[in-house]
Amino acid sequence: MSESEKTDLQVHLRIVSGDMAPQVVLTRTPEQAERIADLLDGAHKVARGRAFATFTGQWAGTEVSVLSVGLGGPSVSIAVEEAVRAGARTLILIETALAGATERDPIVVTSAARYDGTSAEYFPADLPAVADVPLALTAREMARRAGMEVRLGQVRSFDRLYGVEDDDSRPVDMSAGLLYPLAASLRCRALVIVQPGDLAAFARGLEGDCLESIGRLALDVITGSDR
Amino acid sequence: MTTRGHFTGLRAEDLAPTVLLPGDPGRVDAVAMSLDTIEVQGGSGDHRFVTGMIDGARVSSVSAGIGCPVTALVVEELADLGVRTVLRIGTCGALQPDLKPGVMVVASAAVSGDGTSRAYGAGADPAVADIDVVAALLQACEAEGVPHVTGVVRSHDAFYLESPWARGDFRDRVQVWIDSGVLALENESSALFSVAALRGLSAGSILASGYPILDHPADFSHGEENKVRMVRVALSAAVRMAQPTIGLVQGAGSS
């Protein structure tokens, strides 16, 4: 009998039921997840499979997990499916997005135009990708309290970045179009918060002070939304 | 100013003309352990890399992460940085009954079942592997005594729709591919072949098989020793491609 037959071990994330707190902050890379986990009380690494790293700790007395999900629908779909099977219920992804030079402040993503293939495999084309509204409104309020300028807006979720002719000003990401309908179908709540920038910044991903400030916002939202 | 790839952080001088491309960053370390010498090694997140020498040939490995979107991003960068040949190494979900752990699947082409290939204009144009790369892989399998099957793989975006762990019934979804003779399911080859064709690279894929997913639904094992064998075969093929005279069929002349 194989390892995955003996338990409910998730085959990519290498976690079992109960390993994931109901509230989960999602990042792209294990290094980013560890930086966010370092902000938590009592954080410890729960598991690592491929580039999917799971950490759990406490933020304002509430148990929170931090999970790296990679980039793009296929990777994010695997991570979310397995995280939910292991106990996740509220998911906030913090990421970068491609945008024009006039966009400087983080964007709380209220909806996404689905140009990606993964959501097309899962759902009818006309199913809208929309954030959990209370989470989005809480994010706006928590940002205001923290003195952070944010705006609420729509992104387009793409599978391809290089060689794309584009005269549409909406920012581009690679995940929200899949994450929103997938979370809804799993009866979970989801939000994406992105830092806009150019291609080089998008590729580097969240780092430094930006990673920490958006990470703290996500932690405040994900624990504050219960109150 | 030295140009670096945005996602990989690599420079042209960091890379050999032939790159082994796994999805799993851990597999780059497995490649590194098989090299005779290491020239450079590093990376983080989904993108680890190593360049070194094996049997007199300079070879690199760079990991892409899971899925066609990140595969396309990385392959575009590798093309920008002067790479000529990209060889995907990985695992797959077997569809045909003659497949099992220990057998290697060599892709002749891929079903473009993913969004990235469609974004690259895949439609009537098939996503095909480079025939000389396929030949090098077959010769390497034979030289290493490794069982193998050559044919079409299906690249898809949604593991949790077309695997035994899917919430719905995956059997109906995969039956059409089984009936079409498709060997296996995986997540990256179609984008690799599409981007390689666009950018003038040569590409191929060799995948370690598991048990057929309809017969052994809960078993995800491909066998650690089989993955090691796959890396050895891929490196052997890379060495052959770096030394063009080795590819000549015996007695067939040199043109």
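Placed above this text is the structure.
Note that the structure is predicted; figures quoted are calculated from it, not measured.

Engineer: Would you take a moment to explain the overall build of chain B for this structure?
Structural biologist: For chain B, the count of helices and strands is seven helices and eleven strands. Its C-alpha atoms give chain B a radius of gyration of 17 Å, within 12% of the compact-globule value 18 Å for 255 residues. Taking the principal axes of its C-alpha atoms as reference, chain B extends roughly 50 × 45 × 35 Å. Within chain B, buried positions represent 55% of all 255 residues. Long-range contacts, defined as pairs at least 24 residues apart, comprise 77% of the intrachain contacts of chain B with a sequence gap of at least 6.

Engineer: Mind showing me how you'd approach the overall build of chain A here?
Structural biologist: In terms of regular secondary structure, chain A is built from eight helices and ten strands. A globule of 227 residues ought to have a C-alpha radius of gyration of about 17 Å, and chain A, at 16 Å, matches this closely. Taking the principal axes of the C-alpha coordinates as reference, chain A spans close to 55 × 40 × 30 Å. Looking at chain A residue by residue over its 227 residues, the buried ones come to 56%. In chain A, the proportion of contacts linking residues at least 24 apart, taken out of those at least 6 apart, comes to 73%.

Engineer: How do you make sense of the interface of chain A and chain B when you look at a structure like this?
Structural biologist: Interfaces are often sized by the accessible area lost when the parts come together. Counting residues at the interface gives 33 residues for chain A, matched by 34 residues for chain B. Where the side of chain A that touches chain B is concerned, the elements lending two or more residues are helix H1 (3-6), helix H2 (30-37), helix H3 (73-85), helix H4 (117-122) and helix H7 (199-204) of chain A. Taken together, the residues of the side of chain A that touches chain B break down into 14 nonpolar, ten polar and nine charged.

Engineer: Could you clarify how one ought to interpret the pairing of strand S2 (residues 37-44) of chain B in this entry?
Structural biologist: In the case of a regular strand, side chains alternate between the two sheet surfaces. All names here are of chain B. With seven bridges joining them, S2 and strand S3 (residues 47-54) adopt antiparallel strand pairing. The partner of Val40 across the bridge, within S3, is Thr51. Between the end of S2 and the start of S3, which pair antiparallel, lie two residues, with Gly45 showing a positive phi angle near 60°.

Engineer: Got a minute to help me understand the environment of Asp173 of chain A in this structure?
Structural biologist: Residues and elements named next belong to chain A. Its place among the elements puts Asp173 in strand S9 (residues 172-173). A tally of 27 C-beta atoms within 10 Å means that Asp173 is categorised as buried. In this structure, the C-alpha to C-alpha distance between Asp173 and Thr96, residues 77 residues apart in sequence, is 7.2 Å. When neighbours within four sequence positions are excluded, Asp173 is seen to be in contact with Glu95, Ala97, Val155, Ser157 and Val194.

Engineer: Sorry, what's going on with the nonpolar core here?
Structural biologist: Inside soluble globular proteins, nonpolar side chains tend to come together where they are buried. Residues Val25, Ile92, Leu179 and Ile193 of chain A together with Val86 and Ala234 of chain B are the most contacted members of the largest nonpolar core, which totals 156 residues. Ranked by the residues each element gives to this core, the list is headed by helix H7 (residues 224-242) of chain B, at nine residues.

Engineer: For this particular structure, what's the right way to read the environment of Pro69 of chain B?
Structural biologist: You can see Pro69 of chain B is positioned in helix H2 (residues 68-80). Residue classification places Pro69 of chain B among the buried residues on the basis of 34 C-beta atoms within 10 Å. C-alpha of Pro69 of chain B to C-alpha of Asn187 of chain B: the two residues are 118 residues apart in sequence and 9.7 Å apart in space. If we skip the residues at most four places from it in the chain, Pro69 of chain B touches Leu71, Gly72, Gly73, Pro74, Asp159 and Met174 of chain A together with Thr116 of chain B.

How each quantity is defined
- Residues numbered from 1 in each chain as written.
- Chains lettered and ligands numbered in written order.
- Predicted model: local features only at pLDDT ≥ 70, side-chain atom pairs only at ≥ 80, totals over all residues.
- Helix = DSSP H or I, 4+ residues; strand = E, 2+ residues; numbered from the N terminus.
- Rg over C-alpha atoms; globule rule 2.2 N^0.38 Å.
- Buried ≥ 20, exposed ≤ 12 C-beta atoms within 10 Å, placed from the backbone.
- Contact = placed C-beta atoms within 7 Å.
- Nonpolar A, V, L, I, M, F, W, Y, C, P; charged D, E, K, R; others polar.
- Pairing = 2+ DSSP bridges.
- Core = buried A, V, L, I, M, F, W, Y, C linked by C-beta atoms within 7 Å.

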